[in-house]
Amino acid sequence: MSLSATDLIVRPEIDRSARLARMLLRFHEIAESNHRTLNPLTDEKLDLLGRICRIATGSRQLDLACGKGELLSRWAADYGVQGVGVDISKVFLEAARARAGELGVADQLNLVEADAATYEDIPESFDIVSCIGATWIGDGLEGTLSLMRRHLRPNGIALVGECYWMTPPPQEAYEALGIADGLFTSLAGTADRFDNAGFELLEMVLADQDGWDRYVASQWWTISDWLRENPDDADAPAMRDFLTRARRSHLEYGRQYLGWGVFVARPQLP
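Residues numbered from 1 in each chain as written. Predicted model: local features only at pLDDT ≥ 70, side-chain atom pairs only at ≥ 80, totals over all residues. Heavy atoms only, no water.

(A) Examining the overall build of the protein more closely. Broken down by element type, the protein carries 10 helices and 7 strands. Compactness check: the protein gives a C-alpha radius of gyration of 19 Å against a globular reference of 18 Å for 270 residues, within 12% of the reference. C-alpha atoms of the protein, sized along the principal axes, occupy 55 × 45 × 40 Å. Put simply, the protein has 270 residues, and 50% of those count as buried. The long-range fraction of contacts in the protein, counting pairs at least 24 apart against all pairs at least 6 apart in sequence, stands at 73%. If you sum the accessible surface of the protein, you get close to 13300 Å²; carbon and sulfur atoms cover 51% of it. Of the charged side chains in the protein, 27 are positive and 41 negative; the average position of the first set lies 2 Å away from that of the second. (Helix = DSSP H or I, 4+ residues; strand = E, 2+ residues; numbered from the N terminus. Rg over C-alpha atoms; globule rule 2.2 N^0.38 Å. Buried < 20%, exposed > 50% of the residue type's maximum accessible area, 1.4 Å probe, protein only. Contact = heavy atoms within 4.5 Å. Areas by Shrake-Rupley, 256 points an atom, 1.4 Å probe, with all protein chains shown as cover. Lys, Arg positive; Asp, Glu negative; His and termini not counted. Charge placed at Lys NZ, Arg CZ, Asp CG, Glu CD.)

In structure tokens form, the structure reads like this:
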């Protein structure tokens, strides 16, 4: 079931925040339908991340909000990872299962449709816990690290994909990009948040401008094609607005101010 912009107005019995979340999920399923990796990391930087993580053969990995499972599938193929991927999107999980089959690692992965914020498994049973670009599951970086820690073995590593401000943005950038003031901070401030959450920052792989453009700008054509093919869809007006805002905000503010990276950390010693 999908929700249209009309539903947001005429169906007040549905919680507004839940309706918005479901609409945004559908928008992203459409916008990222041609993506394999649902973040600004290029294939080369994704491979670099695997190399720097010192992954032992047979490591157990939990990927929260795993999307299409590209990270898990690659690392299962390259390093023999045994993985669990958790996501709320049936669309993305179908793509993840197809990718795992394509790489011949379906028997190494368990892909679960569930809320990553409340997913439960055997405590402290994973060598790697990742959440790449979805720190909304814990209402921000520090809360997400707390969620991840309960799954992580004492000497395990946490991988978090997170935005940061390259330079302080003007106030109007927050509204244009749909980012609450204080949600993200500088690169140094991000390191401080890891420290505050009881984690030692070990490494990082940062997206570059081309990675951002390939992730964001390539969505514009995908959405435009969808709108042409689905002019009578109930969500088409809201999707058109989504495209207009996303394109403008990236060009006006995103490219100049917003950075993104995957940060590698482990729990601090007592």
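Alright, that's what it looks like, and here's the rest.
(B) Region of interest: the packing of aromatic side chains. Per the counting criterion, the structure on display carries 4 aromatic pairs. Arranged with centres 6.4 Å apart and planes meeting at 85°, the rings of Trp-75 and Tyr-79 form a pair that is edge-to-face. Remark: Tyr-79 and Trp-75 occur in helix H4 (residues 70–79); sequence separation between them is 4 residues, near one turn of the helix. Classification of Tyr-79 by relative accessible area gives partly exposed; the value is 21%. Taking NZ or CZ as reference, Arg-60 lies 4.2 Å from the ring centre of Phe-126, over its face. The cationic tip of Arg-149 hangs over the ring face of Phe-199; the distance from NZ or CZ to the ring centre is 5.2 Å. (Phe/Tyr/Trp six-rings, centres within 6.5 Å; stacked < 30°, edge-to-face > 60°. Lys NZ or Arg CZ within 6 Å of the ring centre and 35° of its normal.)

(C) The pairing of strand S5 (residues 152–165), seen in detail. Across the 14 residues of S5, 11 count as buried, placing the element largely inside the fold. Pairing between strand S4 (residues 126–132) and S5: 6 bridges, direction parallel. The residue bridging Cys-131 from the neighbouring strand is Val-160, located in S5. As a crossover connection, the stretch from S4 through helix H6 (residues 141–149) into S5 is right-handed. Pairing geometry for S5 and strand S7 (residues 258–267), over 8 bridges, is antiparallel. The partner of Trp-165 across the bridge, within S7, is Leu-258. (Pairing = 2+ DSSP bridges. Right-handed = clockwise from strand over helix to strand, strands pointing away.)

(D) Spatial organisation of H4. Taking burial as the measure, the 10 residues of H4 include 7 buried ones, the bulk of the element. With its phi angle positive at about 75°, Gly-80 sits one or two positions after the end of H4.

(E) Geometry of the pattern of salt bridges. As enumerated under the stated definition, the model contains 17 salt bridges in all. Salt-bridge contacts for Asp-235 lead to Arg-26; the nearest nitrogen and oxygen are separated by 2.6 Å. A residue pair is termed long-range when its members are at least 10 positions apart, and Asp-235 in the loop between helix H9 (209–229) and helix H10 (236–257) and Arg-26 in helix H2 (residues 16–31) qualify at 209 residues. Glu-102 serves as the salt-bridge partner of Arg-99, at 2.6 Å between the closest nitrogen and oxygen. Of this pair, Arg-99 and Glu-102 both sit in helix H5 (residues 90–102), 3 residues apart, which is roughly one turn of the helix. Relative accessible area serves as the criterion here: at 11%, Arg-99 is assigned to the buried category. Among the ionic contacts, a cluster of salt bridges with common partners joins Arg-36, Asp-43, Asp-47, Glu-70, Arg-74, Arg-99 and Glu-102. (Salt bridge = Lys/Arg side-chain N within 4 Å of Asp/Glu carboxyl O.)

(F) Spatial organisation of unusual backbone geometry. Non-glycine residue Ala-65 carries a positive phi angle of around 60°. Assignment of secondary structure puts Ala-65 in the loop between strand S1 (60–64) and H4. A residue is classified by how much of its surface remains accessible, and Ala-65, at 15% relative accessible area, is buried.

(G) Structural context of helix H3 (residues 43–52). All of the buried residues in H3 are Leu-46, Leu-49 and Gly-50. End-on view of H3: buried residues confined to an arc of 100°, all on one side of the axis. Opposite the packed face of H3, turned more than 90 degrees from it, sit the exposed residues Glu-44 and Arg-51. In this structure, the buried side of H3 is in contact with H4, strand S6 (199–206) and S7. Of the residues flanking the end of H3, it is Arg-54, one or two places downstream, whose phi is positive at about 55°. (Arc of directions from axis to C-beta.)

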